[in-house]
Amino acid sequence: MPDEKPEHHHEHSEHELRAEALETLLTEKGLVTADAIDGIIRLFEEDIGPMNGAKVVARAWCDDGFRARLLDDATAAIGELDVTMLPEAPIVVVPNEPGVHNVVVCTLCSCYPSGLLGISPKWYKDPAYRSRVVREPRRVLSEMGLDLAPELEVRVWDSSAELRYMVLPARPEGCEDWDEARLAGLVTRDSMIGTALPRDPSEAT
Amino acid sequence: MDGIHDMGGLQGFGRVPREAEGGPFHEAWEGRVHGLTYALFGQGMLNIDAFRHAIEKLPPRSYLELPYYAKWARAVEALMVAAGVLDPGEVEARLAGRSTPPTVVEPPEGSQPAGFLRNVADAPRFAPGDEVRVRNLHPSGHTRMPSYVREKRGTVVRAHGAYVLPDTNAHGRGECPEYVYAVRFSARELWGDAAEASAPVTVDLFDHYLAPA
């Protein structure tokens, strides 16, 4: 969505022009091709994104053996499914369980399981999220609309090395007889970061 | 380096901004910078650790004010200048409408093996359950030790295997792989009396950042 504040238009066009000049120079020097760049953009716009993580979560909700393999070696387990995943850093899946809620951050930069979940949301890269969620996770999550019971332990994972964390949310109640494809529709991007829960089955179509 | 990028625990940034759901890139130029950067990674023209460090080395004001993908573009530009692919000021010249003669550059061959996991001969120093203390390190270059865990005591919860060490790899000083451990710190250990209840933080830390507690 374009920025609606008019005072930002000039700034954005300046960054855009500079990025364009950089791309043109590197293309002229034969280091990259426009086709290669287009291909990467298309990959992230079409094939890689939260829908792939949702398939992984739905399978884990339906298949205990897969869930166990996912928690043991997520990269290998995800390879069993028909989802596009870039071979980036290994993925580590941390499960929400009775008494435990997990949330993921990268305080030093913006590490995110983008090979599976695609481009991270803007707020994930924002100083407010990066600085605060390690220090006051309950308050930050509450501000984002997720109030956690005091008796829940909130485990924050700071992705500081070449491993990417993803939350396995708990299966909501009220979808016991749903198939995998329908279950995947409950799994949001934010529920795999840990800043939200999956959609309520009674409100999902 | 103790820089503005090391944000864990800083105060004063306010509420986390909300955003509407939409496509992965908010503006077309952001996608192009993403594609350009990934293409350069794919060809071995960029090293992820040097790239992160180039962003950290932006002046603190720029770091806070520039849009995310503008920082990526600045980092790519700085590293291409450092590699001799671009002349200093070449992007400005192009922006001013002056063309520079295109010089075709040969991409390097097989600069580094794929991925970051490596085999090391020694056994890991720590195992899950071990108590550790983060050392009082203040390197001037790149590091992946967030300052908020410095000198804090925690418990190893997972041993991840050995990885390329960003602290050396960012500076062209070799891969020097080390074991990485997920270390859990209690909120009280990190934030004292201001800590929220039952809110531990787990951080992935390289072997040399740690000492036995």
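Everything numeric here is computed off the predicted structure, so don't read it as measured data.

Chemist: Can you walk me through the overall build of chain A in this structure?
Modeler: Scanning chain A from terminus to terminus reveals ten helices and four strands. Ordering the α and β elements of chain A from the N terminus gives α-α-α-α-α-β-β-α-α-α-β-β-α-α. Summarising its shape, the C-alpha atoms of chain A cover approximately 55 × 40 × 35 Å along the three principal directions. Of the contacts made within chain A by residues no fewer than 6 positions apart, 67% connect residues no fewer than 24 positions apart. Summed over all atoms, the accessible surface of chain A reaches about 8,600 Å², with 49% contributed by carbon and sulfur. Looking at chain A, you have 21 positive and 38 negative side-chain charges, and the mean spots of the two groups are 4 Å apart.

Chemist: What is the right way to look at the packing of aromatic side chains in this model?
Modeler: The way to describe two aromatic rings as a pair is by their centre distance and the angle between their planes. Scanning all chains against the criterion turns up 17 aromatic pairs over all chains. Where Tyr68(B) meets Trp72(B), the ring centres are 5.6 Å apart and the plane angle is 50°; that geometry is what we call tilted. With Tyr68(B) and Trp72(B) both in helix H4 (residues 68-82) and four residues apart, this pair spans about one turn of that helix. Judged by relative accessible area, Tyr68(B) falls into the partly exposed class, the value being 23%. Taking the relative accessible area as the measure of exposure, Trp72(B) reaches 8% and is therefore buried. In this structure an aromatic cluster arises from ring pairing among Phe44(A), Phe25(B), Tyr38(B), Phe41(B), Phe51(B), Tyr68(B), Tyr69(B) and Trp72(B). Against the face of Trp178(A) rests Arg182(A), its NZ or CZ located 3.8 Å from the ring centre.

Chemist: Looking at this structure, I do not really get the environment of Cys111(A). What am I missing?
Modeler: Here Cys111(A) shows up in the loop between strand E2 (100-105) and helix H6 (114-117). Taking the relative accessible area as the measure of exposure, Cys111(A) reaches 4% and is therefore buried. Separated by 51 residues in the primary sequence, Cys111(A) and Ala60(A) place their C-alpha atoms 24 Å from one another. Other than its neighbours up to four places away in sequence, Cys111(A) contacts Cys106(A), Tyr124(A), Ser159(A), Arg164(A), Arg52(B) and Arg144(B).

Chemist: I tried to follow the side chain of Glu27(B) on my own but got confused; where do I start?
Modeler: Here Glu27(B) lies in the segment before helix H1 (28-42). Within the buried core, Glu27(B) has no salt-bridge partner, and the shortest N-O distance to an opposite charge, that of Lys122(A), equals 5.8 Å. In terms of polar contacts, Glu27(B) uses its side chain to reach the side chain of Trp29(B), at 3.1 Å.

Chemist: What am I meant to see in the interface of chain B and chain A here?
Modeler: In many analyses, interface size is given as the accessible surface area lost on bringing the parts together. Taken together, the 85 residues of chain B in the interface contact 78 residues of chain A. Of the roughly 7,300 Å² buried at the junction of chain B and chain A (both faces included), carbon and sulfur atoms supply 58%. Remark: the boundary between chain B and chain A carries seven salt bridges. In this structure, the connection of chain B to chain A is made through 33 residue pairs in polar contact (both at pLDDT 80 or more). Breaking the side of chain B that touches chain A down by element, the ones donating at least two residues are H1, helix H2 (48-56), helix H3 (60-65), H4, helix H5 (90-95), strand E3 (153-163), strand E4 (178-185) and strand E5 (201-206) of chain B. The biggest single contributor to the side of chain B that touches chain A is H1(B), with eleven residues. Residues of the side of chain B that touches chain A, tallied by class, amount to 49 nonpolar, 16 polar and 20 charged.

Chemist: Before we go on, may I ask you to explain the pairing of E4(B) in this structure?
Modeler: Regular strands place their side chains on alternate faces of the sheet. All names here are of chain B. Counting buried positions along E4 gives eight out of eight residues, so the element sits mostly inside the fold. Pairing geometry for E3 and E4, over seven bridges, is antiparallel. Residue pairing across strands places tyrosine 163 opposite glutamate 178, the latter belonging to E4. As defined by bridge partners, E4 adjoins E5 across six bridges and the pair is classed as antiparallel. Looking at E5, one finds that tyrosine 181 is bridged to leucine 205.

Parameters and conventions
- Residues numbered from 1 in each chain as written.
- Chains lettered and ligands numbered in written order.
- Predicted model: local features only at pLDDT ≥ 70, side-chain atom pairs only at ≥ 80, totals over all residues.
- Heavy atoms only, no water.
- Helix = DSSP H or I, 4+ residues; strand = E, 2+ residues; numbered from the N terminus.
- Contact = heavy atoms within 4.5 Å.
- Areas by Shrake-Rupley, 256 points an atom, 1.4 Å probe, with all protein chains shown as cover.
- Lys, Arg positive; Asp, Glu negative; His and termini not counted.
- Charge placed at Lys NZ, Arg CZ, Asp CG, Glu CD.
- Phe/Tyr/Trp six-rings, centres within 6.5 Å; stacked < 30°, edge-to-face > 60°.
- Buried < 20%, exposed > 50% of the residue type's maximum accessible area, 1.4 Å probe, protein only.
- Lys NZ or Arg CZ within 6 Å of the ring centre and 35° of its normal.
- Salt bridge = Lys/Arg side-chain N within 4 Å of Asp/Glu carboxyl O.
- Polar contact = N/O pair within 3.5 Å; in protein donor to acceptor, adjacent residues only side chain to side chain.
- Buried area = accessible area lost by both parts, 1.4 Å probe.
- Nonpolar A, V, L, I, M, F, W, Y, C, P; charged D, E, K, R; others polar.
- Pairing = 2+ DSSP bridges.

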